[in-house]
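Structure at a glance
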Amino acid sequence: MDGIIAGMGEVLWDVLPEGKKLGGAPANFAYHIAQFGFGSTVLSAVGTDDLGDEALAILRGKGLAGEIERVAYPTGTVQVTLDEAGIPCYDIREQAAWDHIPFTARIKELARHTRCVCFGSLAQRSPVSRATIGRFLDTMPDGADRYKVFDINLRQHFYSKEVIEASLRRCNILKINDEELLLIERMFGLDTGDAGRTCRTLTERHGLRMLILTCGTAGSYVFSDG
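Residues numbered from 1 in each chain as written. Predicted model: local features only at pLDDT ≥ 70, side-chain atom pairs only at ≥ 80, totals over all residues. Heavy atoms only, no water.

Thoughts on the overall build of the protein chain
- For the protein chain, the helix and strand inventory stands at seven helices and 12 strands.
- Against the compact-globule benchmark of 17 Å for 226 residues, the protein chain has a radius of gyration of 17 Å, which places it among compact chains.
- Dimensions of the protein chain, computed from the C-alpha atoms along their principal axes, are close to 50 × 50 × 35 Å.
- Buried residues in the protein chain amount to 47% of all 226 residues.
- Looking at the protein chain alone, contacts between residues at least 24 apart form 64% of all its contacts between residues at least 6 apart.
- Accessible surface, the protein chain: about 11,200 Å² in total, of which carbon and sulfur atoms supply 51%. (Helix = DSSP H or I, 4+ residues; strand = E, 2+ residues; numbered from the N terminus. Rg over C-alpha atoms; globule rule 2.2 N^0.38 Å. Buried < 20%, exposed > 50% of the residue type's maximum accessible area, 1.4 Å probe, protein only. Contact = heavy atoms within 4.5 Å. Areas by Shrake-Rupley, 256 points an atom, 1.4 Å probe, with all protein chains shown as cover.)

Considerations on the sheet that holds strand β8 (residues 114-119)
- With mixed pairing, the eight strands of this open sheet are ordered in space as β5-β4-β1-β8-β9-β10-β11-β12. The open sheet has two edge strands, β5 (65-71) and β12 (220-224), and neither has a second partner. Strand-to-strand twist across the sheet, computed as the mean angle between neighbouring axes with direction ignored, equals 15 degrees.
- The strands touched by helix α4 (residues 127-139) are β1 (4-8), β4 (40-47), β8 and β9 (147-151); relative to β8, the strand with the most contacts, the crossing angle is about 150 degrees.
- Contacts between helix α5 (residues 161-170) and the sheet are confined to β8, β9 and β10 (173-177), with β9 contributing the most and set at about 155 degrees to the helix. (Pairing = 2+ DSSP bridges. Axes fitted to C-alpha atoms, helices over the stretch in contact; angles between N-to-C directions.)

With respect to helix α7 (residues 195-205)
- Residues of α7 that are buried include every one of G196, T198, C199, L202 and T203, and no others. Viewed along the axis of α7, the buried residues span an arc of 160 degrees, placing them on a single side of the element. Opposite the packed face of α7, turned more than 90 degrees from it, sit the exposed residues E204 and R205.
- Of the surrounding secondary structure, the elements contacted by the buried residues of α7 are β10, α6 (178-188), β11 (210-214) and β12.
- Two or three places before G196, at the start of α7, stands the capping residue D194, its side-chain oxygen 3.1 Å from that residue's backbone nitrogen.
- In the stretch just after α7, G207 is the one whose phi turns positive, near 60 degrees. (Arc of directions from axis to C-beta. Polar contact = N/O pair within 3.5 Å; in protein donor to acceptor, adjacent residues only side chain to side chain.)

Describing the pattern of salt bridges
- Considering all chains together, one arrives at 10 salt bridges under this definition.
- The closest approach of N and O atoms between R93 and D91, which form a salt bridge, is 3.0 Å.
- Its salt-bridge partner being D142, residue K148 comes within 3.1 Å of it at the nearest N-O pair.
- Look at D142 and you get exposed, because its relative accessible area is 67%. (Salt bridge = Lys/Arg side-chain N within 4 Å of Asp/Glu carboxyl O.)

Details of the pairing of β10
- Most of β10 is tucked away, with four of its five residues classed as buried.
- The pairing of β9 with β10 spans three bridges and is parallel. Bridge assignment links F150 to a residue of β10, and that residue is L174.
- For the crossover from β9 across α5 to β10, the handedness is right-handed.
- Of the strand pairs in this sheet, β10 and β11 are connected by five bridges, and their pairing is parallel. Paired with I176 across the strands is L213, a residue of β11. (Right-handed = clockwise from strand over helix to strand, strands pointing away.)

Side note on the confidence of the model for the protein chain
- When the pLDDT values of the protein chain are averaged, the result is 93; 100% of them are 70 or greater.
- Considering each helix and strand of the protein chain separately, the mean pLDDT is smallest for strand β7 (residues 88-92), with a value of 86, and largest for α4, with 98. (pLDDT = per-residue confidence, 0-100.)

Examining the sheet that holds strand β6 (residues 76-82)
- Across the sheet, four strands lie side by side as β3-β2-β6-β7; this open sheet has mixed pairing. At either end of the open sheet lies a strand with only one pairing partner, and these are β3 (19-23) and β7. In this sheet, neighbouring strand axes are inclined to one another by 25 degrees on average, regardless of whether the strands run parallel or antiparallel.
- Relative to β7, β6 runs antiparallel, the two being bridged by five bridges. Within β7, the residue paired with Q79 across the bridge is D91.
- Against the sheet, helix α2 (residues 50-61) contacts β2 (12-16), β3 and β6, and its axis sits at roughly 60 degrees relative to β3.

Okay, here's the thing in structure tokens:
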């Protein structure tokens, strides 16, 4: 059982003009880990509705073992529309099932055997899932072979300085994009004038093993504690 790799947080349907697709950053993480041949699992919640049934069927079909609770809230959806310029606009529906991930005895046991977990800020917008993610991270053992990856994933208004600070205290790897980095600079008063300097400051200040900065078509950068 040891060596679990998990994506923890939102499982949702992106409802696009051409149809719906199953997604959510933690679920995508688990899926891509599986493509590299590693066993991975999804920790989340879906509703007792048709969308929940369909989500579970797709995850099973992709061979993703999961600890996904059925709760009395609708399965998460994101309504995606295009503006006149063709730029997508997102409406992430609130009070979704993944806002209410319970901390069960099974999840507690999984945390004790998890080698790597990826989590974000979006699933921490609600007190229930925020508490579950925090308890999972605190239960997960520390050590050189344990990885707590904070994929910050700032969306709409669904984040706060408090949540980000708590997540940075618990993680040892941070993944952030260039737009999010600007928001974090303003939030924490990091007026360095240089993205690389800001990344090194965050790495040192929070004792990170690694910070991964993605810059779209301009590439990616990795900063380590060395």
